[in-house]
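Next come the chains, spelled out residue by residue.
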Amino acid sequence: LGGSISRAIQQMSNATIIDEKVLNECLNEITRALLQADVQFKLVREMQTNIKKIVNLDDLAAGHNKRRIIQQAIFNELCKILDPGKPSFTPKKGKPSVIMFVGLQGSGKTTTCTKYAYYHQKKGWKPALVCADTFRAGAFDQLKQNATKAKIPFYGSYTESDPVRIAVEGVETFKKENCDLIIVDTSGRHKQEAALFEEMRQVSEATKPDLVIFVMDSSIGQAAFDQAQAFKQSVSVGAVIVTKMDGHAKGGGALSAVAATKSPVIFIGTGEHMDEFEVFDVKPFVSRLLGMGDWSGFMDKIHEVVPMDQQPELLQKLSEGNFTLRIMYEQFQNILKMGPIGQVFSMLPGFSSELMPKGREKESQAKIKRYMTMMDSMTNEGKQLLFISNPKLMNDSRIMRIARGSGRQVREVMEMLEEYKRLAKIWSKMKGLKIPKKGEMSAL
Ligand code: GDP
Ligand code: MG
């Protein structure tokens, strides 16, 4: 896909005269590529119309960077489609929220329920899982197995056949146990869709979920829009999770799901394992969809803002891919200073979206400072500790000493180590990266 889009733009920029015809040909080429990536036909058409309105032929003819102008317009339009304008309901720690998962069978609901619970548990929540899928044999066993592995309390039954009853009982049980994230997994039977939607409506009416999450398999292609819309019509879907993004699917269906449900994508599933789960970030997703690569903007930024004499060292560290606690410490310093390198890191896909969510900068800075205090107390342990890249070396007694030394709680040290693991995973993607020299960065 990236290939055909960049080819289309390349061909256009080579044309001496950019007229309506040349621009149309280019847009048609891009349309074809987006359709291949499963972006819904209607959305592609709308985008095409909008781009024609935005891109001014005179600007293109005047010899501005044509590729940049068109690329930016497409990028912005796709980002706009993925932004429904309002954030989804955000549960609050310590206050019970009921989260209901819906989606067709095989879309990845049960797996995603556990991932969602596990993700929050690591951040200090008290999640619980309720299996309201009484349709598929083995559904309860699957959820039980997942939950046991992640040490998450669960509720379900082998004999009760009424999903509404189980859902209600499960939710009540866990409210009494002061769980703050009560996750209801549901059935997703195929070929009996009328019955399924009626069941979803009833479960939702009985449990009054604070949020309904629609789970969608990224490989369903053009079917995404209708499927998402059908669920939206029976229950009030408030967020989307797209699964199996590790496969071949380009993920264009995510745009359809957002358009159909008017709800944002909040996470993506990137594998079968519990921790293969990422916060959804619009810009890197669109970059990937357009074949621009997650890192192109990042590299541009390095060349743009990092002083020349500091670039080689930074790039060297990045390409080694070995993220030690010392590197994390240095990057935290950079981020707090918001100097040039800090700006660069705030652009690294996934690096700052969670560390420093927009609008919560103050809180995030306090958190980073807290992490740094804990890391400071590690140096007192013996300087070596800061160089480790394997958090497994952090045994319980070390963690306790660090907590004591920094006046924080053990839970907070664990949270800091989780953050370290998350960032290390992102960082490791840079390993072996071919680092383009200044001026080599192409537009696409
Ligand atoms: P459900 O019927 O909607 O509950 O779907 P399941 O959770 O049972 O998942 C169906 C299959 O998809 C299982 O084999 C899962 O392991 C697999 N699966 C779920 N999410 C992902 C993902 O993000 N990536 C990959 N590769 N497989 C996934
Ligand atoms: Mg299931």
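Residues numbered from 1 in each chain as written. Chains lettered and ligands numbered in written order. Predicted model: local features only at pLDDT ≥ 70, side-chain atom pairs only at ≥ 80, totals over all residues.

1. Things to note about the confidence of the model for the chain
Spelled out, the test is: Each residue gets a pLDDT score, which is the predictor's confidence in that residue and runs from 0 to 100. Any residue pair is listed as a contact if its two C-beta atoms, each placed from the backbone, are within 7 Å.
Taken as a whole, the chain shows an average pLDDT of 82; of its residues, 80% reach a score of 70 or greater. Note on residues 438-444: pLDDT is under 50 here. Beyond four places in sequence and across chains, it has 17 contacts. Overall fold confidence (pTM) sits at 0.73, and the ipTM for the predicted complex is 0.99.

2. Quick notes on the sheet that holds strand 3 (residues 154-155)
To keep it simple, the criterion reads: A pair of strands is labelled paired if DSSP reports no fewer than 2 bridges between them. A helix here means a DSSP run of H or I that spans at least four residues, while a strand means a run of E at least two residues long, and both kinds are numbered starting from the N terminus.
The strand order across the open sheet built from eight strands is 3-2-4-1-5-6-7-8, with neighbouring strands paired in mixed fashion. Each of the sheet's edge strands pairs with one partner strand only, and the pair in question is strand 3 and strand 8 (277-279). Alignment of strand 5 (residues 211-217) against strand 6 (residues 237-243), held across six bridges, turns out to be parallel. Counterpart to Val212 in the pairing with strand 6 is Val237.

3. Considerations on the pairing of strand 2 (residues 127-132)
Heads up, the condition is: Counting other C-beta atoms within 10 Å of a residue's own tells you its class, since 20 or more makes it buried, 12 or fewer makes it exposed, and anything in between is partly exposed; those C-beta atoms are placed from the backbone. By the criterion used throughout, a crossover qualifies as right-handed when its path from the first strand across the helix to the second strand runs clockwise, the strands pointing away from the viewer.
A large share of strand 2 lies buried, amounting to six of its six residues. Burial of the side chains of strand 2 extends over both faces: Pro127, Leu129 and Cys131 are buried on one face and Ala128, Val130 and Ala132 on the other. For strand 2 and strand 4 (residues 181-186), the ladder comprises six bridges, and the chain directions are parallel. Bridged to Ala132 within strand 4 is Thr186. Note that strand 2 and strand 3 share two bridges and pair parallel. When the sheet's bridge partners are listed, Leu129 is paired in strand 3 with Phe154. For the handedness criterion, the β-α-β arrangement of strand 2, helix 7 (residues 139-149) and strand 3 is classed as right-handed.

4. Looking at the site of ligand 1
So the rule is basically this: Whether a residue is near a molecule or strand depends on its C-beta atom, generated from backbone atoms, being within 6 Å of that molecule or strand. By the convention adopted, Pro, Cys, Tyr, Trp, Phe, Met, Ile, Leu, Val and Ala count as nonpolar, Lys, Arg, Asp and Glu as charged, and the other residues, Gly among them, as polar.
Ligand 1 sits among 17 residues. The nearest are Gly108, Lys109, Thr110, Thr111 and Gly269. Tallying contributions element by element places helix 6 (residues 109-122) first for the shell around ligand 1, with three residues. Considered class by class, the residues forming the shell around ligand 1 number no nonpolar, 13 polar and four charged.

5. What to know about the nonpolar core
The tendency in soluble globular proteins is for nonpolar side chains to be buried side by side. Just so we agree on the cut-off: To define a nonpolar core, we join buried Ala, Val, Leu, Ile, Met, Phe, Trp, Tyr and Cys residues through C-beta atoms within 7 Å and take the resulting set. For the domain bounds, the source is a domain assignment made automatically or taken from a database.
Membership of the largest hydrophobic core comes to 80 residues, with the highest contact counts inside it found for Leu129, Val130, Ile182, Ile183, Val184, Phe214 and Ala257. No other element matches helix 11 (residues 253-261), which puts six residues into this core. Each of two domains, domain 1 (2-82) and domain 2 (97-282), supplies a minimum of three residues to this core. Aside from chain neighbours lying at most four places away, what touches Ile183 is Ile99, Phe101, Cys113, Tyr116, Ala117, Pro127, Ala128, Leu129 and Val130. The next biggest cluster of nonpolar side chains, apart from the first, holds 16 residues, and it includes Phe323, Phe332, Met375 and Trp427.

6. Regarding helix 2 (residues 20-36)
Since there are 3.6 residues in each turn of an α-helix, residues three or four apart along the chain are aligned in direction. How we decide: A helix is expected to span 1.5 Å for every residue after the first. Arc definition: it is the arc formed by the directions from the helix axis to the C-beta atoms.
A rise of 1.5 Å per residue sets the reference length of helix 2, with its 17 residues, at 24 Å; its end C-alpha atoms lie 24 Å apart and thus fit the reference within 8%. The set of residues buried in helix 2 consists of Cys26, Leu27, Ile30, Ala33 and Leu34. One side of helix 2 holds all its buried residues, which, seen down the axis, span an arc of 115 degrees. Those residues of helix 2 that are exposed and aimed more than 90 degrees away from the buried face are Glu20, Lys21 and Asn28. After helix 2 finishes, the residue Asp38 shows a positive phi value of roughly 70 degrees.

7. Details of the UniProt feature "domain: SRP54-type proteins GTP-binding" (unreviewed entry) in the chain
Our working rule: UniProt positions are given in the numbering used here, feature names are shortened, and annotations may be inferred rather than shown by experiment.
UniProt tags residues 264-277 as "domain: SRP54-type proteins GTP-binding" (unreviewed entry). Summarising residues 264-277: 0% helix, 43% strand, and an end-to-end C-alpha distance of 16 Å.

8. Some words on the pairing of strand 1 (residues 97-102)
Of all the six residues making up strand 1, five are buried; the element is thus mostly covered by neighbouring parts of the structure. As paired elements, strand 1 and strand 4 share four bridges and run parallel to each other. Paired with Met100 across the strands is Val184, a residue of strand 4. For strand 1 and strand 5, the ladder comprises four bridges, and the chain directions are parallel. Bridging from a neighbouring strand, Phe101 pairs with Ile213 of strand 5.

9. Comments concerning unusual backbone geometry
Positive phi, normally seen in glycine, also occurs at Asp38, with a value near 70 degrees. Looking at Asp38, the number of C-beta atoms within 10 Å reads 23, which means it is buried. Of note, Lys208 is a non-glycine position whose phi angle comes to about 45 degrees, a positive value. Along the chain, Lys208 falls in the loop between helix 9 (193-207) and strand 5.

10. Observations regarding the packing of helix 2 against helix 3 (residues 41-54)
Which entries qualify depends on this criterion: Only C-alpha atoms enter the line fits that serve as axes; for helices the fit covers just the stretch in contact. Angles between N-to-C directions range over 0 to 180 degrees. Note on terminology: angles under 35 degrees are roughly parallel, angles over 145 are roughly antiparallel, angles of 65 to 115 are roughly perpendicular, and the others are oblique. Crossing handedness is read from the near helix: turned anticlockwise from the far helix by less than a right angle, it gives a left-handed crossing, and turned clockwise, a right-handed one.
Between helix 2 and helix 3, the shortest axis-to-axis distance is 10 Å and the interhelical angle comes to 150 degrees. By the angle between their directions, the pair helix 2 and helix 3 is classed as roughly antiparallel. In this structure, the crossing between helix 2 and helix 3 has a hand that is right-handed. Judged by residue contacts, Leu27, Thr31, Leu34 and Leu35 of helix 2 engage Phe41, Val44, Gln48 and Ile51 from helix 3. For the contact of helix 2 with helix 3, the class distribution of residues is six nonpolar, two polar and no charged.

11. Re the environment of Arg45
By the element assignment, Arg45 lies in helix 3. Sequence spacing of Arg45 and Phe135 is 90 residues, and the spatial spacing of their C-alpha atoms is 40 Å.

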